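Residue-level listing of the chains:
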Amino acid sequence: MAAAGDGPWLDDAAGRLVRPFTVSNGRTEPTIALDLMSQVMATGVTPLGYLGPEHAQALDLCRAPVPVAEVAAHLRLPAVVTKVLLSDLVDCGALTTKPPAFHHNPTDRSLLEAVLDGLRRQL
């Protein structure tokens, strides 16, 4: 079992020992709109007060611009919980966010077919 303070609270056999909704204090709505492809980046501002170990881990991951989905994957948290944590960090000035820039229509059939072809080649 992981010792207290070692990364996220995980047990090798049981998985996460803390329910994801407790990480966000039961909140399910971020205070700002974040897309999974939104880029977040640390500003260098130190958050005032205690935010929690997941907040610190998220902030550490955001030293360079990174998409919200990637932060969620590294934290092993659901996207909605990650969005709440990241919005807390944006609210206190520790993170800045930039919406995704789509140069193509994200529902463009040819784009979706190209993604599907790429996924098939990986399998």
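Residues numbered from 1 in each chain as written. Predicted model: local features only at pLDDT ≥ 70, side-chain atom pairs only at ≥ 80, totals over all residues. Heavy atoms only, no water.

Colleague: Tell me about helix H3 (residues 68-75), and name the residues and values.
Modeller: Residues spaced three or four apart along an α-helix point in a common direction, a consequence of the helix completing one turn every 3.6 residues. When H3 is considered as a whole, its buried residues turn out to be Val68, Val71, Ala72 and Leu75. Buried residues in H3, looked at end-on, bunch into an arc of 100°, giving them a common side. Positioned one or two residues after H3, Arg76 has a phi angle of 60°, which is positive. (Buried < 20%, exposed > 50% of the residue type's maximum accessible area, 1.4 Å probe, protein only. Helix = DSSP H or I, 4+ residues; strand = E, 2+ residues; numbered from the N terminus. Arc of directions from axis to C-beta.)

Colleague: Account for unusual backbone geometry, naming residues and giving values.
Modeller: Residues apart from glycine generally show negative phi values, whereas peptide bonds are mostly found in trans. Positive phi, close to 60°, is recorded for Arg76, a residue that is not glycine. Within the secondary structure, Arg76 sits in the loop between H3 and helix H4 (79-91). With a relative accessible area of 59%, Arg76 lands in the exposed category.

Colleague: Kindly report on the sheet that holds strand E5 (residues 95-98), identifying the contributing residues and their values.
Modeller: Paired through their backbone hydrogen bonds, the strands of a sheet run either parallel or antiparallel. Spatial ordering of the open sheet is given by E4-E3-E5, a layout of three strands whose pairing is antiparallel. In this open sheet, the two strands that pair with only one neighbour each are strand E4 (66-67) and E5. As defined by bridge partners, strand E3 (residues 39-42) adjoins E4 across two bridges and the pair is classed as antiparallel. Bridge assignment links Val40 to a residue of E4, and that residue is Val66. (Pairing = 2+ DSSP bridges.)

Colleague: Kindly report on the nonpolar core, identifying the contributing residues and their values.
Modeller: Formed by 17 residues in total, the largest nonpolar core has its most connected members in Val40, Cys62, Val71, Leu86, Leu89 and Leu95. Secondary-structure elements contributing two or more residues to this core are helix H2 (53-61), H3 and H4. Of the residues forming this core, the biggest block, five residues, is contributed by H4. Non-local contacts of Leu89, meaning those with residues more than four positions away in its chain, are made with Pro47, Leu51, His55, Ala58, Leu59, Ala94 and Leu95. (Core = buried A, V, L, I, M, F, W, Y, C linked by side-chain atoms within 4.5 Å. Contact = heavy atoms within 4.5 Å.)

Colleague: I'd like to hear about the pattern of salt bridges, residue by residue, with values.
Modeller: What the rule picks out here adds up to three salt bridges. Residue Arg109 is joined to Glu113 by a salt bridge in which the shortest nitrogen-to-oxygen separation is 3.0 Å. Within this pair, Arg109 and its partner Glu113 are both found in helix H5 (residues 109-122), separated by four residues, close to a single helical turn. Using a relative accessible area of 65% as the deciding quantity, one classes Arg109 as exposed. We note a salt bridge from Arg120 to Asp117, for which the minimum N-O separation is 3.9 Å. Of this pair, Arg120 and Asp117 both sit in helix H5, separated by three residues, roughly a single helical turn. For Arg120, a relative accessible area of 54% translates into the label exposed. (Salt bridge = Lys/Arg side-chain N within 4 Å of Asp/Glu carboxyl O.)

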